[in-house]
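# Remarks on the overall topology
If you want the building blocks of each chain, they are given just below.
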Amino acid sequence: MIKIIFGYMFIAFSGILLLSLLSFSPNDSAFFTSNISQIPQNIAGKLGVYLSTFFVSIYGKIASYILNFGFFATGVNLITGKKIGQIFLKFLLFFIASLSISIAFSAIFKNADFIKFGVFGIVVSNLLKELLPTEFIFILFIFLFGISIISSMKLFRSLTGLIGKALAFLFILPFGFIFAKKKNKKLENNLESKKEKN
């Protein structure tokens, strides 16, 4: 019974989020403009303004639509009585897919617009560009996007667990390179400062 209630809550949330994304206007939020509209243009009102501003600014519009579908699918899976582990894994796959598409397009476009691709996608792609070629970043994250979407389908249910773990590893791997590079820089700076003292 609780799962069904939560399922309907997820579906309702995805409906409100979809309306807020469809009617998103930068003029509604102080985050995007100094001339805020007195009457929100968003169909979902002030709640829609806050929701769309949060999701669009962090993930970008494209990724937000994918993530919204993830919320809807989670709601349907809860209502139909799927196992919590499977539901969580499928939502994780949608989450990885949304972030992957954001990073991929942020990497390939020179003047990436954060309304389309989000702050997260732009920041991560810029960090990765210091270590990897742009084309490789784009191909890697488009591949992650494709595999995430495919493995969330019923057709590949038996492979979902294995693919999910592999995707999580591939998604975390580039961040490991970034942190390792930062640690190496700190060590180099410490060694230089010790040499200067000596």
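This text goes with the structure placed above it.
Quick caveat: nothing in here was measured; it's all calculated off a predicted structure.

## What to know about the overall build of the protein chain
Counting its regular elements, the protein chain contains seven helices and zero strands. Secondary structure elements of the protein chain, listed N to C terminal, follow the sequence α-α-α-α-α-α-α. Residue pairs in contact within the protein chain that sit at least 24 positions apart in sequence constitute 65% of those at least 6 positions apart. Taken as a whole, the protein chain presents about 11,800 Å² of accessible surface, with 71% of it coming from carbon and sulfur.

## Observations concerning the packing of helix 4 (residues 84-108) against helix 5 (residues 114-129)
Following both chains from N to C, one finds helix 4 and helix 5 inclined at 60 degrees, their axes separated by 8 Å at the closest point. Looking at the two axes, helix 4 sits oblique to helix 5. For the element pair helix 4 and helix 5, the recorded crossing hand is right-handed. Counting all contacts with helix 4, which are made through Leu99, Ser102, Ile103, Phe105, Ser106 and Ala107, the residues of helix 5 involved are Phe117, Gly118, Phe120, Gly121, Ile122, Val124, Ser125, Leu128 and Lys129.

## Notes on helix 6 (residues 134-151)
Here helix 6 contains 18 residues, and its C-alpha end-to-end distance of 26 Å stays within 8% of the 26 Å for a straight helix at 1.5 Å per residue. For helix 6, the complete set of buried residues consists of Ile137, Leu140, Phe141, Leu144, Ser148 and Ser151. Considered in projection along helix 6, the buried side chains sweep an arc of 100 degrees and stay on one side of the axis. Among the exposed residues of helix 6, those pointing more than 90 degrees away from its buried face are Glu135 and Ile139.

## Description of the packing of helix 5 against helix 6
In the contact formed by helix 5 and helix 6, the axes pass within 9 Å of each other and the chain directions differ by 130 degrees. In terms of orientation, helix 5 lies oblique with respect to helix 6. Every pair of crossing elements has a handedness; the one defined by helix 5 and helix 6 is right-handed. Packed against helix 5, whose contacting residues are Ser125, Leu128 and Lys129, the element helix 6 presents Thr134, Ile137 and Phe141 at the interface. Of the residues that constitute the contact of helix 5 with helix 6, the class distribution is three nonpolar, two polar and one charged.

## Comments concerning the environment of alanine 97
Assignment of secondary structure puts alanine 97 in helix 4. With relative accessibility at 0%, the residue alanine 97 sits in the buried group. Separated by 30 residues in sequence, alanine 97 and leucine 67 place their C-alpha atoms 8.2 Å apart. Sequence-distant contacts of alanine 97, that is, excluding residues within four places in its chain, are made with Ile66, Phe145, Ser148 and Ile149.

## Overview of the nonpolar core
In globular proteins that are soluble, nonpolar side chains generally tend to be buried together. Membership of the largest hydrophobic core comes to 17 residues, with the highest contact counts inside it found for Leu17, Phe55, Val56, Tyr59, Ile66, Leu67 and Phe71. When residues of this core are traced back to their parent elements, those giving at least two are helix 1 (2-22), helix 2 (45-59), helix 3 (61-79) and helix 4. Ignoring any residue separated from it by four or fewer positions in sequence, one finds phenylalanine 55 in contact with Phe13, Leu17, Gly60, Ser64, Leu67 and Phe71. Of all hydrophobic cores here, the second largest spans nine residues; its members include Ala107, Val124, Leu140 and Leu144.

## Some thoughts on a nonpolar patch on the surface
The grouping of Met1, Ile2, Ile5, Phe6 and Met9 at the surface amounts to a nonpolar patch, some 580 Å² of accessible area in total. Turning to its location among the elements, isoleucine 2 is positioned in helix 1. Taking relative accessible area as the criterion, isoleucine 2 reaches 59% and is therefore assigned exposed.

## Notes on helix 2
In a regular helix each residue adds 1.5 Å, so 15 residues correspond to 21 Å; helix 2 covers 21 Å between its end C-alpha atoms and thus fits that length. Among the residues of helix 2, Gly48, Val49, Leu51, Ser52, Thr53, Phe55, Val56, Ser57 and Tyr59 are the ones counted as buried. Structurally, helix 2 contributes buried residues whose contacts are with helix 1, helix 3, helix 4 and helix 5. Glycine 60, located one to two residues past helix 2, shows a positive phi value of around 90 degrees.

The rules behind the values
Residues numbered from 1 in each chain as written. Predicted model: local features only at pLDDT ≥ 70, side-chain atom pairs only at ≥ 80, totals over all residues. Heavy atoms only, no water. Helix = DSSP H or I, 4+ residues; strand = E, 2+ residues; numbered from the N terminus. Contact = heavy atoms within 4.5 Å. Areas by Shrake-Rupley, 256 points an atom, 1.4 Å probe, with all protein chains shown as cover. Axes fitted to C-alpha atoms, helices over the stretch in contact; angles between N-to-C directions. Parallel < 35°, antiparallel > 145°, perpendicular 65-115°, else oblique. Left-handed = near helix turned anticlockwise from the far one by under 90°. Expected span 1.5 Å × (residues − 1). Buried < 20%, exposed > 50% of the residue type's maximum accessible area, 1.4 Å probe, protein only. Arc of directions from axis to C-beta. Nonpolar A, V, L, I, M, F, W, Y, C, P; charged D, E, K, R; others polar. Core = buried A, V, L, I, M, F, W, Y, C linked by side-chain atoms within 4.5 Å. Patch = residues over 30% accessible without salt bridge, like charges linked within 9 Å, V, L, I, M, F, W, Y side chains within 5 Å. Salt bridge = Lys/Arg side-chain N within 4 Å of Asp/Glu carboxyl O.

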